[in-house]
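Fold and contact review
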Amino acid sequence: MASTDRTAAPEPGFRASSRLKELMAEHFTGVDRAAREKSAPVAWCTSVGPVELLRALGFQVFFPENHGALLGASRVAGEVMGRAHAIGYSPDICSYLTSDIGAYLARKTPLSRYGLSAAPRPDLLLYSTNQCREVRDWFEFYGREWSVPVVGVTSFRDLGEVEDSHVDAITRQLEALVPALEAVAGRRLDPAALELAVERSRTCSDLWRQCLEASAARPAPLTFFDATIQMGPAVVLRGTAEACDYYRLLAAELAERVAAGRGALPRERFRLYWDGMPIWGRLRDLASLFAGLETSVVASTYCNSWVFDALDPRDPLRSMARASLELFIARAEGPKQRYLERMSRQFQVDGLVFHDARTCPNNSNVRFGLAQRLRRTSRVPVLVLDGDLNDLRCFSDEQARTNIEAFVEQLEDAGPAAAGGGHP
Amino acid sequence: MIVAGVDLGTECVKTVVVDGDAKILGRATVPTRGYFQDCFQEATGTALQEAQVSASQLAAVCVTGFAASCAPISSRTMSETLCHARGAWHKTQGPMTVVDIGGRDPKVIHVDARGTVTSSRSVRKCGVGIGTFLMFASRHLDVHPTRLMDLASSAEKAAPVGSYCSVFAEVEVIELLRQGSTAGEIALGCMQSIADRILEIDHFEDPIFVTGGVCEYFPGVVKALASRSALAVEILPEPILTGAYGAALFALDQARG
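Residues numbered from 1 in each chain as written. Chains lettered and ligands numbered in written order. Predicted model: local features only at pLDDT ≥ 70, side-chain atom pairs only at ≥ 80, totals over all residues.

In this section: the overall build of chain B. Along the backbone of chain B there are nine helices and ten strands. Computed over C-alpha atoms, the radius of gyration of chain B comes to 18 Å, within 12% of the 18 Å expected from 2.2 N^0.38 for 257 residues, which places it in the range of a compact globule. Projected onto its principal axes, the C-alpha positions of chain B cover 60 × 40 × 30 Å. Burial status across chain B gives 54% buried among its 257 residues. A fraction of 69% describes how many contacts in chain B between residues 6 or more apart in sequence connect residues 24 or more apart. (Helix = DSSP H or I, 4+ residues; strand = E, 2+ residues; numbered from the N terminus. Rg over C-alpha atoms; globule rule 2.2 N^0.38 Å. Buried ≥ 20, exposed ≤ 12 C-beta atoms within 10 Å, placed from the backbone. Contact = placed C-beta atoms within 7 Å.)

Next up on the list: the overall build of chain A. The number of helices and strands found in chain A is 16 helices and eight strands. For 424 residues, the compact-globule estimate of 2.2 N^0.38 gives 22 Å, and chain A sits close to it at 21 Å. Reported as C-alpha extents along the three principal axes, the dimensions of chain A are approximately 65 × 45 × 40 Å. Each of the 424 residues in chain A was classed as buried or not, and the buried ones make up 54%. At a minimum sequence separation of 6, the contacts of chain A that also span at least 24 residues come to 78%.

Next up on the list: the interface of chain B and chain A. Listed per partner, the contact involves 14 residues of chain B and 13 residues of chain A. Within the residue set of the side of chain B that touches chain A, elements represented by two or more residues are α5 (166–178) and α6 (183–199) of chain B. The element that contributes the greatest number of residues to the side of chain B that touches chain A is α5(B), accounting for three residues. Split into classes, the residues belonging to the side of chain B that touches chain A amount to five nonpolar, four polar and five charged. (Nonpolar A, V, L, I, M, F, W, Y, C, P; charged D, E, K, R; others polar.)

Residue and element names in this part refer to chain B. Spanning 15 residues, helix α9 (residues 242–256) covers 21 Å between terminal C-alpha atoms, matching the ideal 21 Å at 1.5 Å per step. Burial of α9 is extensive: eleven of the 15 residues sit out of reach of the surface. Thr242, Gly243, Ala244, Tyr245, Gly246, Ala247, Ala248, Leu249, Phe250, Ala251 and Leu252 are the residues of α9 that are buried. Buried positions along α9 lie against β1 (2–8), β2 (12–19), β4 (58–64), β5 (76–77), α2 (80–92) and β9 (208–211). (Expected span 1.5 Å × (residues − 1).)

At 3.6 residues per turn, the α-helix brings residues three or four places apart onto the same side. Residues and elements named next belong to chain A. Helix length check: helix α1 (residues 17–37), at 21 residues, gives a terminal C-alpha distance of 30 Å against a target of 30 Å (1.5 Å per residue), a fit within 8%. Taken as a whole, α1 has its buried residues at Leu23, His27, Phe28, Val31, Asp32, Ala34 and Ala35. Each buried residue of α1 lies within a common arc of 165° when the element is viewed along its axis, so the set occupies one face. Among the exposed residues of α1, those pointing more than 90 degrees away from its buried face are Ser18, Lys21, Glu22 and Glu37. Elements that come into contact with the buried residues of α1 comprise β1 (42–45), β2 (60–62), α10 (232–236) and α11 (241–259). Taken from the residues just after α1, lysine 38 is the one with a positive phi, measuring 55°. (Arc of directions from axis to C-beta.)

Residue and element names in this part refer to chain B. According to the domain assignment, chain B contains domain 1 (2–82 + 241–256), domain 2 (94–126 + 196–236) and domain 3 (134–191). Put simply, the middle of domain 1 and the middle of domain 2, counted by C-alpha atoms, are 23 Å apart. Opposite the nine residues of domain 1 that make contact, domain 2 presents twelve residues. Element by element, the count of residues in the side of domain 1 that touches domain 2 is highest for α2, at three residues. Looking at the side of domain 1 that touches domain 2 residue by residue, the class counts come to three nonpolar, four polar and two charged. (Domains from an automatic or database assignment.)

The subject of this paragraph is the sheet that holds β1(A). To summarise the sheet geometry, strands pair through backbone hydrogen bonds and adopt either a parallel or an antiparallel arrangement. Residue and element names in this part refer to chain A. Taken in spatial order, the four strands make up an open sheet running β2-β1-β3-β4, and their pairing is parallel. Bordering the open sheet on either side are β2 and β4 (150–153), each of which pairs with just one other strand. Averaged over all neighbouring strand pairs, the angle between strand axes comes to 25°, with direction disregarded. With four bridges connecting them, strand β3 (residues 124–128) and β4 associate as parallel partners. (Pairing = 2+ DSSP bridges. Axes fitted to C-alpha atoms, helices over the stretch in contact; angles between N-to-C directions.)

All right, on to the sheet that holds strand β5 (residues 270–275) of chain A then. Residue and element names in this part refer to chain A. Across the sheet, four strands lie side by side as β6-β5-β7-β8; this open sheet has parallel pairing. Of all the strands in the sheet, the pair left with one neighbour each is β6 (295–300) and β8 (382–387). Strand after strand, the sheet turns through a mean of 30° between neighbouring axes, direction not considered. Sheet topology note: the β5/β6 ladder contains five bridges and is parallel. Each residue of the ladder has a partner; that of leucine 272, found in β6, is valine 297.

By size, the foremost hydrophobic cluster in this structure holds 140 residues, and its most contacted members are A:Ala43, A:Leu54, A:Trp208, A:Cys211 and A:Tyr247. If you tally residues by element for this core, the top one is helix α8 (residues 191–213) of chain A, at eight residues. In contact with A:Ala43, not counting residues within four places along its chain, are A:Leu54, A:Phe59, A:Val61, A:Pro122, A:Asp123, A:Leu124, A:Leu125 and A:Leu126. In terms of nonpolar packing, the next biggest core, distinct from the first, is built from 88 residues, B:Val3, B:Ala71, B:Ala158 and B:Ala247 among them. (Core = buried A, V, L, I, M, F, W, Y, C linked by C-beta atoms within 7 Å.)

Looking now at the environment of A:Val135. Residue and element names in this part refer to chain A. With respect to the element layout, valine 135 can be found in helix α6 (residues 134–146). The class of valine 135 is buried, set by 27 C-beta atoms lying within 10 Å. For valine 135, the contacting residues outside a window of four places in its chain are Thr46, Tyr127 and Thr129.

Before going further, it helps to examine the packing of helix α7 (residues 164–185) of chain A against helix α13 (residues 316–326) of chain A. All names here are of chain A. Close contact between α7 and α13 brings their axes to 8 Å; oriented N to C, the two are set at 120°. Here α7 is positioned oblique relative to α13, judged by the angle of their axes. As for the relative orientation of α7 and α13, their crossing is right-handed in sense. Touching His166, Val167, Ile170, Thr171, Leu174 and Glu175 of α7 are Leu317, Arg318, Met320, Ala321, Arg322, Ser324 and Leu325, all from α13. Considered class by class, the residues forming the contact of α7 with α13 number seven nonpolar, three polar and three charged. (Parallel < 35°, antiparallel > 145°, perpendicular 65-115°, else oblique. Left-handed = near helix turned anticlockwise from the far one by under 90°.)

Our next topic: the packing of α8(A) against α13(A). Residue and element names in this part refer to chain A. Interhelical geometry of α8 versus α13 gives an angle of 35° and a closest axis separation of 10 Å. The element α8 and its partner α13 pack so that their crossing is left-handed. Residues Leu194, Glu195 and Val198 of α8 form the contact with α13, whose participating residues are Pro316, Ser319 and Met320. Among the residues forming the contact of α8 with α13, the class breakdown is four nonpolar, one polar and one charged.

A few words on the confidence of the model for chain B. Per-chain confidence: chain B averages 92 in pLDDT, with 98% of residues scoring 70 or above. This complex was scored by the predictor with a pTM of 0.88 and an ipTM of 0.80. (pLDDT = per-residue confidence, 0-100.)

Following this line, the structure appears as C-alpha cells:
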C-alpha cells in the first residue's frame, strides 16, 4: 500500500489545523511539565473514562490510548511491541497496550517531536472498563512499575437498553472513586468545578458532533481520515475550554465548506461508512487510495465515540455514568445494528467498511454476523477489511487494496442507482 | 564405549557418534527429503563411517527432533529442548539462555548453573518465525537458499517483511520486488523478521548462545538478533549439531547405566 497507483492529492488542509497542532503540543508539554516539576498532580485516564472528575480536581491528564495511536501512526509500534510480548503480553491482546508497554521498555516515544523523552509519569491511573478489560491490565502494569494507585470503574458491557439500575451502579462507583482522587490531588472535590468540567465536556461533545455531521452534506467536507486527526482535542482536552474553542473554529470552517459546496475530495462518486478502529500505520495510504477511487469515507463509529449526549452539568456524576454506558462499544448487537442503520441513512452512504482489528475484538463488530444482518436490512454493500489498529503484521496491503478496489467496482457495477442511492 | 545421538529435524537429519569421553568421532548432516527413515540411515551411516565403527558397536542410540518417532533404531528418545540445552551446557558449563533456531519452531530455553532447564518457550504458531520461511523466500528471490546470506550481507538496509503468516509474507516479498527493493534488502528483511519473532518469545538473560541449523547457514539471523536486542549473542561451535550432540550425551548416560 506504500505505493498506490490510483491516488489523488487531497484537498488543501483546514485553516484550523495550525491551532490543532499548537493545542496538541501545549497538551503534551503541559502534562510533561507538570510531571517533571510536580506543579500539578498528573493522572492517566482511559479515553472514554471519567476525566471530568480529574479536571475538577486540578489534574493534568494524559491519555495512553492517544499515545498508542501515535505509536501506530508513527509506525514505532512495530519496533517495540515485541518487548511487551517477551514479558508475557500476548500478540493477541490489544496492540495499543503492547505498543505502549513496549515503547516504555524500549524507551521510545513519538512524543519526542514535542521534546518529551517518555510519556509523562503519573501520580494516579484512572480507568473505566466500559470499552474493554485491557485498559485495566494496561494501567496495572504501570501501577506496579511506579507504585502509584490504579483506580477505576468496572463497567457493564454488551448492554441492550441502558437501565436506571446500570446507571445507579456506575454512579456509585464514581462516587466511591472521589476519596482516592482527592487524596492524590490534595484537595476536596468542588461540586461547582465538576459541573463546569461536565458542561465543557458536553459542549465539546456537541461541537464535535456538529463537525462530524457536516459530512452529511454532499460532498462531505471531512473524511474519516481527517476526523481521526481532528478528534485530538475531543480525546485529550475533553472538559476544557480550549477544546470547545477549537471545535467552534473547526465547525465554522466546515460550515463554510459546506456552503461553498467544497468537499474533502476533488470528486466524490461514492460515500462510505467506516466501522471499527483506524489502521493507524496505514491511515495516509488508505486515505490516498480511497481518494484515488473518488470515494469519500464520510462517517465512522470510531470518531463518534467521543460524542456524549447524556452529559448534563445539572446531574454530573449520574450523567457521566449514563454517558459512559450509552457508548456504542459498550452496547449489545441490537443497539449497534440500529445505530449503524441510523448512521447509514443520516450520511447517505453507499457502503459500509468494517475493520476487523485482530487485537481489538471489543471494537470489531463483524464477529457475530452484524455485517451480514445490516446487508440484509439496509441493502447496503459491506466490505470487511482484516487488519489491526497498530499491529501491521495482521494487515496485508495487497489484499486490502484489492478488496477496496473490487468493492468500489462493485458499487460502480451496481449502476447509478447505487451511486449515492443506498440511502437517498 | 561408543554411542550415537540423532536429531531428525524438518530441514536436516544430524547424527553424532561419540566415545566414552563425549569426544566426537563422527558426524553427518543430510537434508531432510523423502522418508525420515532413509535420511536417518544416510546420516548415521556417514557418521559411523567417519568414526570407523559399525552400528553393532553402538552401546546406545538416543534420538530427538521432529521425526524422532521415525528412527528405525533407538534406545532412548529425548525432547529437542533437553537435547539442545544439554549439548549447549556441555560446552559452556554455566547458566545461559539457549536460542535454538531450527527449521520448525525457534525456542528460547533458560538453563541454570547445573544445566537444568528452568523454562522453555517456542515461537507462536507463526510461519514467519521459522527457519523454513527463508527457504520460501529464496524461491521468490530466485536464488538457492545458501545464497541468501551473501545477498543479505550485500544490503545496506533491510526491506521490512512483517506478517504473522508466511504465505502473506511471501506476497510481501513479491510486492517488495515489484516496488524495486533489491534481493539483498529483502533477504536481510526476512532474516530480521525471524529475529524479531524470536525476541518476542521470552525474556533473555546473558549469556545467550544460539544453536540450530539456521545460524549455521544464515548467520545474518543471529546478527539481526544481536543488533535488534542490543544483547551479546554467541553461536556455539557446530550449532547445527547441538541437538544431536545433546542426544548423544543422553545416550552415554543410558549406556553407563
